[in-house]
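Listed below are the residues making up each chain.
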Amino acid sequence: GAGVSQTPSNKVTEKGKYVELRCDPISGHTALYWYRQSLGQGPEFLIYFQGTGAADDSGLPNDRFFAVRPEGSVSTLKIQRTERGDSAVYLCASSQAGGYNEQFFGPGTRLTVL
Amino acid sequence: KNQVEQSPQSLIILEGKNCTLQCNYTVSPFSNLRWYKQDTGRGPVSLTIMTFSENTKSNGRYTATLDADTKQSSLHITASQLSDSASYICVLGGNQGGKLIFGQGTELSVKP
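No experiment lies behind these values; they were computed from the predicted model shown.

**Student:** When you look at the overall build of chain A in this model, what are you seeing that I'm missing?
**Tutor:** Within chain A, the regular secondary structure consists of zero helices and eleven strands. Counted from the first residue to the last, chain A has its helices and strands arranged as β-β-β-β-β-β-β-β-β-β-β. In terms of overall dimensions, chain A has a C-alpha envelope of 35 × 25 × 25 Å along the principal axes. Burial analysis of chain A (114 residues in total) assigns 46% to the buried set. For chain A, long-range pairs separated by at least 24 residues make up 54% of all intrachain contacts whose partners lie at least 6 apart in sequence. A total accessible area of about 5,400 Å² is found for chain A, and carbon and sulfur atoms account for 47% of it. If you average the places of the 11 positive and of the 11 negative side-chain charges in chain A, the two averages end up 8 Å apart.

Structural data, given as structure tokens:
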């Protein structure tokens, strides 16, 4: 079956602009995660959804970052007033539920803020 | 201070050789320790998942070990192949749902 997909694969924007990143999880997976990966570093947790609700958003760096999952499937990560420091690869993962279950990652969206 | 430290930062080995990657962590408590492989430009792929009560877990040519007393884990790769060239990341899963804490990875390069 299809894996986790993310769109766009690359996004270039200017400082101060608004961007949306989309994640399509594996069908039937109730848990969805967003991570951010800077060059040469491991991914850093941002937010975790169980169904439609954000179960843990402790990794969101500030209030410019927001994520939604209105129907418990597709999720959108929204970044307002982008800054150059937001440039990174944004990874999405999904799993059958939280906790011990294996997380399957998408290919990521590379965001570049000029 | 990073909660998950990996060594070496990078490693070059010849095809067919074995290697061992190290992971030290300070995350506590945690429910599971994972090793992921990440190819350039791709998302991470799970290799092994161990609970804190397990000592070892194998997946083909990959064998992970865990010593919860010393808070150390290792990933051993046997008979390396060119396709093993990637970043290998040690990851801790805590008790707070599915949140994962990643190390910075070891960049492995297998040369012919």
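**Student:** Looking at this structure, how should I read the sheet that holds strand E7 (residues 62-67) of chain B?
**Tutor:** The strands making up a sheet are joined through hydrogen bonds of the backbone, oriented either antiparallel or parallel. All names here are of chain B. Spatially, the five strands line up as an open sheet ordered E1-E3-E8-E7-E6, and their pairing is antiparallel. Strand pairing shows two members of the sheet lacking a second neighbour, strand E1 (4-7) and strand E6 (56-59), which therefore form its edges. Taking each pair of neighbouring strands and ignoring which way they run, the sheet shows an average axis angle of 15°. In terms of strand pairing, strand E3 (residues 19-25) meets strand E8 (residues 72-77) through six bridges, oriented antiparallel. Across the sheet, residue Thr20 finds its bridge partner in E8, namely His76.

**Student:** I keep staring at the side chain of B:Ser87 and nothing clicks. Help me out?
**Tutor:** Within the secondary structure, B:Ser87 sits in strand E9 (residues 86-93). Among residues more than four places away in sequence, those in contact with B:Ser87 are B:Tyr36, B:Lys37, B:Gln38, B:Gly105, B:Thr106 and B:Glu107.

**Student:** Teacher, can you tell me more about the packing of aromatic side chains here?
**Tutor:** Given two aromatic rings, one states the distance between the centres and the angle between the planes to describe the pair. The final tally for this structure, using the stated rule, is nine aromatic pairs over all chains. Ring geometry for B:Tyr62 versus B:Tyr88: centroids 6.2 Å apart, planes at 45°, classification tilted. Here B:Tyr88 lies in strand E9 and B:Tyr62 lies in strand E7, a separation of 26 residues in the sequence. Note on B:Tyr62: relative accessible area 10%, which makes it buried. Judged by relative accessible area, B:Tyr88 falls into the buried class, the value being 0%. Ring pairing ties together the aromatic residues A:Tyr33, A:Tyr35, A:Phe45, A:Tyr48, A:Phe105, B:Tyr36 and B:Phe102, which thus form one cluster. The ring of B:Tyr62 carries B:Arg61 above its face, with NZ or CZ at 5.7 Å from the centroid.

**Student:** Could you clarify how one ought to interpret the interface of chain B and chain A in this entry?
**Tutor:** Where the parts come together, the accessible area they lose is often given as the size of the interface. Between chain B and chain A, the contact holds 23 residues from the first and 21 residues from the second. Across the interface of chain B and chain A, roughly 1,500 Å² is buried in total on both sides, 54% from carbon and sulfur atoms. Among the residues of chain B in contact with chain A, B:Gly98, B:Lys99 and B:Phe102 are the three that bury the most area, contributing 27% of the side total. At the junction of chain B and chain A, the tally comes to zero salt bridges. Applying the counting criterion to the chain B and chain A interface returns two residue pairs in polar contact (both at pLDDT 80 or more). Elements that contribute at least two residues to the side of chain B that touches chain A include exactly strand E4 (32-38), strand E5 (45-51) and strand E10 (100-102) of chain B. Grouping the constituent residues of the side of chain B that touches chain A by class yields seven nonpolar, eleven polar and five charged.

**Student:** Looking at this structure, I do not really get the nonpolar core. What am I missing?
**Tutor:** Inside soluble globular proteins, nonpolar side chains tend to come together where they are buried. Formed by 23 residues in total, the largest nonpolar core has its most connected members in B:Leu33, B:Trp35, B:Leu75, B:Tyr88 and B:Leu92. If you list the elements that add at least two residues to this core, you get E3, E4, E5, E7, E8, E9 and strand E11 (106-111) of chain B. Excluding anything up to four places from it in sequence, B:Leu92 contacts B:Val4, B:Tyr25, B:Val27, B:Phe30, B:Asn32, B:Leu33, B:Lys99, B:Leu100 and B:Ile101. One finds A:Cys23, A:Leu77, A:Ala88 and A:Tyr90 within the second-largest nonpolar core, a separate group that totals 20 residues.

**Student:** I would appreciate a short explanation of the environment of A:Gly85 in the present structure.
**Tutor:** Of note, A:Gly85 is situated in the loop between strand E8 (75-79) and strand E9 (88-95). Assessed through its relative accessible area of 63%, A:Gly85 is described here as exposed.

Here is what the cut-offs are and how they apply
Residues numbered from 1 in each chain as written. Chains lettered and ligands numbered in written order. Predicted model: local features only at pLDDT ≥ 70, side-chain atom pairs only at ≥ 80, totals over all residues. Heavy atoms only, no water. Helix = DSSP H or I, 4+ residues; strand = E, 2+ residues; numbered from the N terminus. Buried < 20%, exposed > 50% of the residue type's maximum accessible area, 1.4 Å probe, protein only. Contact = heavy atoms within 4.5 Å. Areas by Shrake-Rupley, 256 points an atom, 1.4 Å probe, with all protein chains shown as cover. Lys, Arg positive; Asp, Glu negative; His and termini not counted. Charge placed at Lys NZ, Arg CZ, Asp CG, Glu CD. Pairing = 2+ DSSP bridges. Axes fitted to C-alpha atoms, helices over the stretch in contact; angles between N-to-C directions. Phe/Tyr/Trp six-rings, centres within 6.5 Å; stacked < 30°, edge-to-face > 60°. Lys NZ or Arg CZ within 6 Å of the ring centre and 35° of its normal. Buried area = accessible area lost by both parts, 1.4 Å probe. Salt bridge = Lys/Arg side-chain N within 4 Å of Asp/Glu carboxyl O. Polar contact = N/O pair within 3.5 Å; in protein donor to acceptor, adjacent residues only side chain to side chain. Nonpolar A, V, L, I, M, F, W, Y, C, P; charged D, E, K, R; others polar. Core = buried A, V, L, I, M, F, W, Y, C linked by side-chain atoms within 4.5 Å.

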